[in-house]
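Residue-level structural notes
Listed below, chain by chain, are the residues.
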Amino acid sequence: LSAIALPSFLNQANKARESEAKQYTGSMNRAQQAFFLEKTTFTTELANLGLGIQSQTTNYQYYISAGSADNTLVSVSSNAGDATQLKNAVGAIGNAINTGTLRSFVGLVDVATQQSGEGATTVAILCQKKTPGDPEVSAVNFKVATTTAAALSCQATNFEVLE
């Protein structure tokens, strides 16, 4: 009986740990959207988002990565990028510390194309790695939104869209 119950218990424990990263990374996305609405730029400083999220917990490391011109996230480490990049896109990273059992999360907030007479709007996506391990952000490619959130998607085959 314990041979059946133990793997199930461990799986549920990992899902609970992953829910922290999913919630935090999604919160970072929403906070970036609010930050952009107020400042018309994104930030690479976690503290500037005002969420009270620590950059590292027991299970995950959290940071922000600047988007590049080809719509990939620059790197898996904190990268300030330049002002032009920060006006276009920014990534939120939930990097699993225990890469053997926990999946990593990558969020992206992008500026949708401005329409005549309207200001810029933002769209966001949250992706989860399908298997445990680092997010390998440099390999994560995002299709850029034009005017709707539906146009934003994770292009990397090792990720699935959550929201």
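Along each chain, the written sequence defines residue order, and numbers are assigned to residues from 1. Under the rules for a predicted model, residues below a pLDDT of 70 receive no local features and side-chain atom pairs below 80 are neither given nor counted, while totals for whole chains, interfaces and linings still include all residues. Hydrogens and water molecules were not included; the side-chain quantities draw on all heavy atoms of the structure.

Now for the overall build of the protein. To qualify as a helix, a DSSP run of H or I must reach at least 4 residues; to qualify as a strand, a run of E must reach at least 2; elements of each kind are numbered from the N terminus. Each helix and strand counted, the protein has two helices and seven strands in total. The buried label applies to any residue whose accessible area, calculated with a 1.4 Å probe on protein chains only, is under 20% of its type's maximum; exposed applies above 50%, and partly exposed to all values in between. Within the protein, the fraction of its 163 residues that count as buried is 43%. Expressed as a percentage of contacts within the protein between residues at least 6 apart in sequence, the contacts between residues at least 24 apart total 61%. In the structure as shown, the protein presents an accessible area of about 8,400 Å², 51% of it carried by carbon and sulfur atoms. The contact rule is simple, with two residues in contact once any of their heavy atoms fall within 4.5 Å. Every accessible area reported is derived by Shrake-Rupley at a probe size of 1.4 Å, with residue values counting cover from the shown protein chains alone.

With that settled, consider the side chain of T43. Note that T43 resides in the loop between helix 1 (2–39) and strand 1 (60–66). Overall, the relative accessible area of 5% leaves T43 in the buried class. Polar side-chain contacts of T43 include one of 3.0 Å to the backbone nitrogen of E45. Every residue in contact with T43, bar those within four places of it in the chain, is listed here: Q32, F35, N48, L49, I64 and V90. Any N or O atom pair separated by 3.5 Å or less is treated as a polar contact, with the protein-specific requirement of one donor-capable and one acceptor-capable atom, and with residues adjacent in sequence counted only for side-chain atom pairs.

Soluble globular proteins: nonpolar side chains tend toward being buried together. M28, F42, L46, L49, Y60, Y62 and I64 are the most contacted members of the largest nonpolar core, which totals 19 residues. Top contributing element to this core by residue count: helix 1, with five residues. Residues Y63, I93, V106 and L108 belong to the second largest nonpolar core, which totals eight residues. Think of a nonpolar core as a cluster: buried Ala, Val, Leu, Ile, Met, Phe, Trp, Tyr and Cys residues, connected wherever their side-chain atoms sit within 4.5 Å.

Before going further, it helps to examine the confidence of the model for the protein. Detailed reading of the predicted model is not advised wherever pLDDT is low. Mean pLDDT for the protein: 74, with 66% of residues reaching 70 or above. In predicted models, pLDDT denotes the confidence assigned by the predictor to each residue on a 0 to 100 scale. For the stretch residues 74–85, pLDDT sits under 50, and the model shows 29 contacts to residues farther than four places along the chain or on other chains.

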